[in-house]
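In case you want the letters, here they are:
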Amino acid sequence: MESVHYKTNACTLAIMAKAPRAGMVKTRLARKLPEMAIIDLYCCLLDDTIDLAKGLDGVDVAMVCPECDVEDLARATRNRVRVVPQSGKGLAAGLTSVFAHFSSAGARRIVAFNSDTPHLAASVLQDAFSLLTECDVVVGPTRDGGYYLVGATASHPGLFAGDAMGTKNAYDALLARARALDLSVALTDPFYDIDEVADLGELAAELQHAPGKAPRTAEWLARVKVFR
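Residues numbered from 1 in each chain as written. Predicted model: local features only at pLDDT ≥ 70, side-chain atom pairs only at ≥ 80, totals over all residues. Heavy atoms only, no water.

A. How the structure looks around unusual backbone geometry. Although it is not a glycine, Lys 26 sits at a positive phi angle of roughly 45 degrees. Positive phi values are uncommon outside glycine, yet Asn 79 reaches one of about 55 degrees.

In C-alpha coordinates:
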(Lines give C-alpha, C1' and ligand atoms only; values in the text may rest on other atoms or scores of the structure.)
Protein backbone atom coordinates (compact mmCIF):
# COMPACT_ATOMS: atom_id res chain seq x y z
CA MET A 1 0.00 0.00 0.00
CA GLU A 2 1.09 3.56 -0.62
CA SER A 3 2.63 5.48 2.29
CA VAL A 4 0.72 8.56 3.43
CA HIS A 5 1.35 10.18 6.79
CA TYR A 6 -1.20 12.05 8.85
CA LYS A 7 -1.15 14.69 11.53
CA THR A 8 -1.79 13.68 15.13
CA ASN A 9 -5.52 13.08 15.75
CA ALA A 10 -6.14 13.06 11.97
CA CYS A 11 -9.44 11.53 10.87
CA THR A 12 -9.67 9.13 7.95
CA LEU A 13 -12.82 7.80 6.29
CA ALA A 14 -12.22 4.63 4.30
CA ILE A 15 -15.02 3.75 1.87
CA MET A 16 -15.16 -0.02 1.39
CA ALA A 17 -15.87 -0.67 -2.28
CA LYS A 18 -15.45 -2.94 -5.28
CA ALA A 19 -15.03 -2.31 -8.97
CA PRO A 20 -18.48 -2.18 -10.62
CA ARG A 21 -18.44 -5.53 -12.42
CA ALA A 22 -21.34 -7.79 -13.35
CA GLY A 23 -22.00 -10.42 -10.73
CA MET A 24 -19.65 -8.84 -8.19
CA VAL A 25 -21.69 -6.01 -6.63
CA LYS A 26 -25.17 -5.88 -5.03
CA THR A 27 -25.72 -9.52 -5.99
CA ARG A 28 -28.94 -9.90 -3.97
CA LEU A 29 -30.60 -7.40 -6.29
CA ALA A 30 -30.04 -9.70 -9.28
CA ARG A 31 -33.33 -11.50 -8.59
CA LYS A 32 -35.23 -8.40 -9.76
CA LEU A 33 -32.80 -6.24 -11.75
CA PRO A 34 -30.63 -6.94 -14.82
CA GLU A 35 -26.89 -6.90 -14.31
CA MET A 36 -26.28 -3.63 -16.17
CA ALA A 37 -28.93 -1.86 -14.10
CA ILE A 38 -27.22 -3.06 -10.92
CA ILE A 39 -23.86 -1.78 -12.16
CA ASP A 40 -25.40 1.60 -13.01
CA LEU A 41 -26.99 1.77 -9.56
CA TYR A 42 -23.71 0.86 -7.85
CA CYS A 43 -21.88 3.61 -9.74
CA CYS A 44 -24.53 6.11 -8.58
CA LEU A 45 -24.17 4.91 -4.99
CA LEU A 46 -20.39 5.27 -5.22
CA ASP A 47 -20.59 8.80 -6.63
CA ASP A 48 -23.03 9.95 -3.98
CA THR A 49 -21.02 8.28 -1.21
CA ILE A 50 -17.89 10.11 -2.35
CA ASP A 51 -19.80 13.41 -2.35
CA LEU A 52 -21.00 12.71 1.19
CA ALA A 53 -17.49 11.83 2.35
CA LYS A 54 -15.78 14.79 0.71
CA GLY A 55 -18.23 17.13 2.39
CA LEU A 56 -16.93 16.20 5.85
CA ASP A 57 -14.81 18.78 7.64
CA GLY A 58 -11.22 17.83 8.46
CA VAL A 59 -11.53 14.23 7.23
CA ASP A 60 -9.18 12.52 4.80
CA VAL A 61 -11.06 10.23 2.39
CA ALA A 62 -9.88 7.09 0.61
CA MET A 63 -11.51 4.10 -1.03
CA VAL A 64 -10.33 0.62 -0.10
CA CYS A 65 -10.90 -2.35 -2.38
CA PRO A 66 -9.43 -5.70 -3.42
CA GLU A 67 -6.07 -5.26 -5.13
CA CYS A 68 -7.40 -6.55 -8.45
CA ASP A 69 -10.08 -3.82 -8.46
CA VAL A 70 -7.87 -0.75 -7.95
CA GLU A 71 -7.51 0.40 -11.56
CA ASP A 72 -11.12 -0.29 -12.55
CA LEU A 73 -12.50 1.37 -9.41
CA ALA A 74 -10.31 4.44 -9.86
CA ARG A 75 -11.51 4.72 -13.46
CA ALA A 76 -15.17 4.21 -12.52
CA THR A 77 -14.96 6.97 -9.89
CA ARG A 78 -12.90 9.26 -12.13
CA ASN A 79 -10.01 9.36 -9.62
CA ARG A 80 -12.03 11.58 -7.31
CA VAL A 81 -10.39 10.03 -4.23
CA ARG A 82 -7.38 7.81 -3.59
CA VAL A 83 -7.97 4.11 -4.09
CA VAL A 84 -5.98 1.92 -1.72
CA PRO A 85 -5.65 -1.85 -2.19
CA GLN A 86 -6.59 -3.98 0.79
CA SER A 87 -4.43 -6.79 2.11
CA GLY A 88 -5.97 -10.26 1.87
CA LYS A 89 -9.29 -11.39 0.43
CA GLY A 90 -12.80 -10.78 1.68
CA LEU A 91 -14.44 -8.11 3.80
CA ALA A 92 -12.93 -9.23 7.11
CA ALA A 93 -9.42 -9.00 5.65
CA GLY A 94 -10.29 -5.67 4.06
CA LEU A 95 -11.47 -4.15 7.33
CA THR A 96 -8.46 -5.52 9.18
CA SER A 97 -6.12 -3.97 6.61
CA VAL A 98 -7.93 -0.59 6.79
CA PHE A 99 -7.09 -0.09 10.44
CA ALA A 100 -3.60 -1.57 10.15
CA HIS A 101 -2.73 0.61 7.16
CA PHE A 102 -4.14 3.96 8.22
CA SER A 103 -3.12 3.70 11.88
CA SER A 104 0.45 2.85 10.87
CA ALA A 105 0.42 5.95 8.66
CA GLY A 106 -0.48 8.12 11.66
CA ALA A 107 -4.28 8.41 11.49
CA ARG A 108 -5.75 8.38 14.99
CA ARG A 109 -9.47 8.14 14.26
CA ILE A 110 -10.41 5.82 11.42
CA VAL A 111 -13.89 4.97 10.18
CA ALA A 112 -14.62 2.30 7.57
CA PHE A 113 -17.87 3.10 5.79
CA ASN A 114 -19.85 1.03 3.32
CA SER A 115 -20.44 2.23 -0.22
CA ASP A 116 -24.23 1.88 -0.33
CA THR A 117 -25.46 4.34 2.30
CA PRO A 118 -24.99 7.74 0.61
CA HIS A 119 -28.31 8.90 2.06
CA LEU A 120 -26.89 8.85 5.60
CA ALA A 121 -26.78 12.25 7.29
CA ALA A 122 -23.26 13.68 7.30
CA SER A 123 -23.73 14.47 10.99
CA VAL A 124 -23.75 10.73 11.75
CA LEU A 125 -20.28 10.32 10.26
CA GLN A 126 -19.05 13.37 12.17
CA ASP A 127 -20.56 11.86 15.33
CA ALA A 128 -18.64 8.64 14.69
CA PHE A 129 -15.34 10.53 14.65
CA SER A 130 -16.34 12.49 17.77
CA LEU A 131 -17.21 9.30 19.63
CA LEU A 132 -13.73 7.96 18.90
CA THR A 133 -12.31 10.61 21.23
CA GLU A 134 -14.05 8.76 24.08
CA CYS A 135 -13.98 5.07 23.13
CA ASP A 136 -11.94 2.44 21.30
CA VAL A 137 -14.52 1.37 18.72
CA VAL A 138 -17.63 2.91 17.20
CA VAL A 139 -20.25 0.92 15.29
CA GLY A 140 -23.23 1.96 13.15
CA PRO A 141 -25.74 -0.92 13.23
CA THR A 142 -28.06 -1.71 10.34
CA ARG A 143 -31.60 -2.95 10.86
CA ASP A 144 -30.80 -6.33 9.31
CA GLY A 145 -28.17 -7.29 11.88
CA GLY A 146 -25.09 -5.91 10.14
CA TYR A 147 -23.36 -2.55 10.35
CA TYR A 148 -22.85 0.33 7.93
CA LEU A 149 -19.74 1.71 9.59
CA VAL A 150 -17.12 0.67 12.08
CA GLY A 151 -14.44 2.93 13.50
CA ALA A 152 -11.44 2.54 15.76
CA THR A 153 -8.52 4.49 17.16
CA ALA A 154 -5.99 1.75 16.41
CA SER A 155 -5.58 -1.59 14.74
CA HIS A 156 -7.01 -4.43 16.85
CA PRO A 157 -5.99 -7.83 15.48
CA GLY A 158 -8.86 -10.28 15.80
CA LEU A 159 -11.64 -7.68 15.82
CA PHE A 160 -12.95 -8.95 12.48
CA ALA A 161 -12.03 -12.60 12.89
CA GLY A 162 -14.66 -15.28 12.40
CA ASP A 163 -17.18 -16.17 9.74
CA ALA A 164 -20.10 -13.83 10.50
CA MET A 165 -19.20 -11.12 7.98
CA GLY A 166 -22.10 -10.29 5.69
CA THR A 167 -24.63 -12.24 7.78
CA LYS A 168 -27.49 -11.23 10.04
CA ASN A 169 -25.21 -11.93 13.02
CA ALA A 170 -22.39 -9.61 11.92
CA TYR A 171 -23.21 -6.83 14.38
CA ASP A 172 -23.56 -9.17 17.39
CA ALA A 173 -20.38 -11.00 16.44
CA LEU A 174 -18.46 -7.73 16.20
CA LEU A 175 -19.65 -6.60 19.63
CA ALA A 176 -18.72 -9.98 21.11
CA ARG A 177 -15.20 -9.75 19.71
CA ALA A 178 -14.83 -6.18 20.96
CA ARG A 179 -15.85 -7.31 24.45
CA ALA A 180 -13.41 -10.23 24.28
CA LEU A 181 -10.64 -7.76 23.40
CA ASP A 182 -11.73 -5.49 26.30
CA LEU A 183 -12.48 -2.58 23.96
CA SER A 184 -14.96 0.16 24.81
CA VAL A 185 -17.72 0.55 22.19
CA ALA A 186 -20.07 3.42 21.27
CA LEU A 187 -22.91 3.29 18.74
CA THR A 188 -24.21 5.67 16.11
CA ASP A 189 -27.88 5.66 15.09
CA PRO A 190 -29.27 2.49 13.47
CA PHE A 191 -29.83 2.87 9.73
CA TYR A 192 -30.39 0.82 6.59
CA ASP A 193 -28.18 0.02 3.63
CA ILE A 194 -29.09 -1.23 0.17
CA ASP A 195 -29.05 -5.01 -0.05
CA GLU A 196 -32.54 -6.09 -1.07
CA VAL A 197 -35.14 -4.79 -3.53
CA ALA A 198 -37.29 -3.69 -0.57
CA ASP A 199 -34.43 -1.42 0.53
CA LEU A 200 -34.57 0.29 -2.86
CA GLY A 201 -38.28 0.96 -2.38
CA GLU A 202 -37.60 2.59 1.00
CA LEU A 203 -34.74 4.61 -0.44
CA ALA A 204 -36.85 5.75 -3.39
CA ALA A 205 -39.55 7.03 -1.05
CA GLU A 206 -36.96 8.86 1.05
CA LEU A 207 -35.17 10.44 -1.91
CA GLN A 208 -38.42 11.45 -3.60
CA HIS A 209 -38.85 13.93 -0.77
CA ALA A 210 -35.16 14.80 -0.37
CA PRO A 211 -33.26 14.02 -3.61
CA GLY A 212 -30.35 16.20 -2.53
CA LYS A 213 -29.27 13.54 -0.05
CA ALA A 214 -28.06 11.37 -2.94
CA PRO A 215 -28.83 13.11 -6.26
CA ARG A 216 -27.36 10.59 -8.68
CA THR A 217 -29.05 7.70 -6.93
CA ALA A 218 -32.31 9.67 -6.78
CA GLU A 219 -32.19 10.23 -10.53
CA TRP A 220 -31.54 6.52 -11.18
CA LEU A 221 -34.43 5.52 -8.93
CA ALA A 222 -36.76 7.92 -10.71
CA ARG A 223 -35.96 6.19 -14.01
CA VAL A 224 -36.04 2.55 -12.91
CA LYS A 225 -39.39 1.26 -11.69
CA VAL A 226 -38.68 -2.49 -11.47
CA PHE A 227 -38.41 -2.51 -7.68
CA ARG A 228 -41.83 -0.91 -7.11
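Past the structure itself, the notes keep going.
B. The arrangement of the sheet that holds strand E6 (residues 147-152) in detail. Spatially, the 7 strands line up as an open sheet ordered E3-E2-E1-E4-E6-E5-E7, and their pairing is mixed. Two strands close off the open sheet at either side, each with one partner strand: strand E3 (82-85) and strand E7 (185-187). The average undirected angle you get between the axes of adjacent strands in this sheet is 25 degrees. Sheet analysis places strand E5 (residues 137-141) next to E7, joined by 3 bridges and oriented parallel. (Pairing = 2+ DSSP bridges. Helix = DSSP H or I, 4+ residues; strand = E, 2+ residues; numbered from the N terminus. Axes fitted to C-alpha atoms, helices over the stretch in contact; angles between N-to-C directions.)

C. The arrangement of the environment of Ala 92 in detail. Secondary-structure assignment places Ala 92 in helix H3 (residues 91-104). Residue Ala 92 is classed as buried on the basis of its relative accessible area, which comes to 19%. Along the backbone, Ala 92 and Asp 172 are 80 residues apart, and their C-alpha atoms lie at a distance of 15 Å. (Buried < 20%, exposed > 50% of the residue type's maximum accessible area, 1.4 Å probe, protein only.)

D. Just the packing of helix H1 (residues 35-54) against helix H7 (residues 215-223), in detail. Where H1 contacts H7, the axes come no closer than 7 Å and their chain directions differ by 155 degrees. Considering their axes alone, H1 and H7 lie roughly antiparallel with respect to each other. From H1, Ala 37, Asp 40, Leu 41, Cys 44, Leu 45, Asp 47, Asp 48 and Asp 51 reach across to H7, where they touch Pro 215, Arg 216, Thr 217 and Trp 220. For the contact of H1 with H7, the residue count by class is 6 nonpolar, 1 polar and 5 charged. (Parallel < 35°, antiparallel > 145°, perpendicular 65-115°, else oblique. Contact = heavy atoms within 4.5 Å. Nonpolar A, V, L, I, M, F, W, Y, C, P; charged D, E, K, R; others polar.)

E. Looking closely at the side chain of Ser 103. Within the secondary structure, Ser 103 sits in helix H3. Overall, the relative accessible area of 18% leaves Ser 103 in the buried class. Polar side-chain contacts of Ser 103 include one of 2.4 Å to the backbone oxygen of Phe 99. Excluding anything up to four places from it in sequence, Ser 103 contacts Arg 108, Ile 110, Ala 154 and Ser 155. (Polar contact = N/O pair within 3.5 Å; in protein donor to acceptor, adjacent residues only side chain to side chain.)

F. Quick peek at the pattern of salt bridges. If you walk through the whole model with that rule in mind, you get 18 salt bridges. A salt bridge links Lys 26 to Asp 195; its shortest N-O distance comes to 3.3 Å. Of this pair, Lys 26 sits in the loop between strand E1 (11-16) and H1 while Asp 195 sits in the loop between E7 and helix H6 (197-209), and the two are 169 residues apart along the sequence. With respect to class, Lys 26 is no different from Asp 195; both count as buried. Within this structure, Lys 26, Arg 28, Arg 31, Asp 116, Asp 195 and Glu 196 form a network of salt bridges that share partners. (Salt bridge = Lys/Arg side-chain N within 4 Å of Asp/Glu carboxyl O.)

G. Summary view of the side chain of Asp 48. Checked against the element boundaries, Asp 48 lands in helix H1. Reaching out from Asp 48, the side chain makes a polar contact with the side chain of Thr 217 at a distance of 2.7 Å. Leave out the neighbours within four places in its chain, and Asp 48 touches Pro 118, Ala 214, Pro 215, Arg 216 and Thr 217.

H. The pairing of strand E4 (residues 109-114), seen in detail. Extensive coverage of E4 is indicated by the burial of 6 of its 6 residues. Going residue by residue along E4, you find Arg 109, Val 111 and Phe 113 tucked away on one face and Ile 110, Ala 112 and Asn 114 tucked away on the opposite face as well. One ladder, built from 4 bridges, connects E4 with E6; its direction is antiparallel. Paired with Ile 110 across the strands is Ala 152, a residue of E6.

I. Seen up close, the environment of Ala 154. When you line up the elements, Ala 154 lands in the loop between E6 and helix H5 (170-180). Residues Ala 154 and Ala 17 lie 137 residues apart in sequence; the distance between their C-alpha atoms is 21 Å. Those residues in contact with Ala 154, other than ones at most four positions away along the chain, are Phe 99 and Ser 103.

J. Structural detail: the packing of aromatic side chains. The full count for this structure, using the stated rule, is 3 aromatic pairs. Plain terms: the ring middles of Tyr 148 and Phe 191 are 6.2 Å apart, the flat faces sit at 70 degrees to each other, and that makes the pair edge-to-face. Of this pair, Tyr 148 sits in strand E6 while Phe 191 is found in the loop between E7 and H6, placing the two residues 43 residues apart along the sequence. Residue Tyr 148 is classed as buried on the basis of its relative accessible area of 1%. Ring geometry for Phe 191 against Tyr 192: centres 5.1 Å apart, planes inclined by 40 degrees, an arrangement best described as tilted. Ring pairing ties together the aromatic residues Tyr 148, Phe 191 and Tyr 192, which thus form one cluster. (Phe/Tyr/Trp six-rings, centres within 6.5 Å; stacked < 30°, edge-to-face > 60°.)

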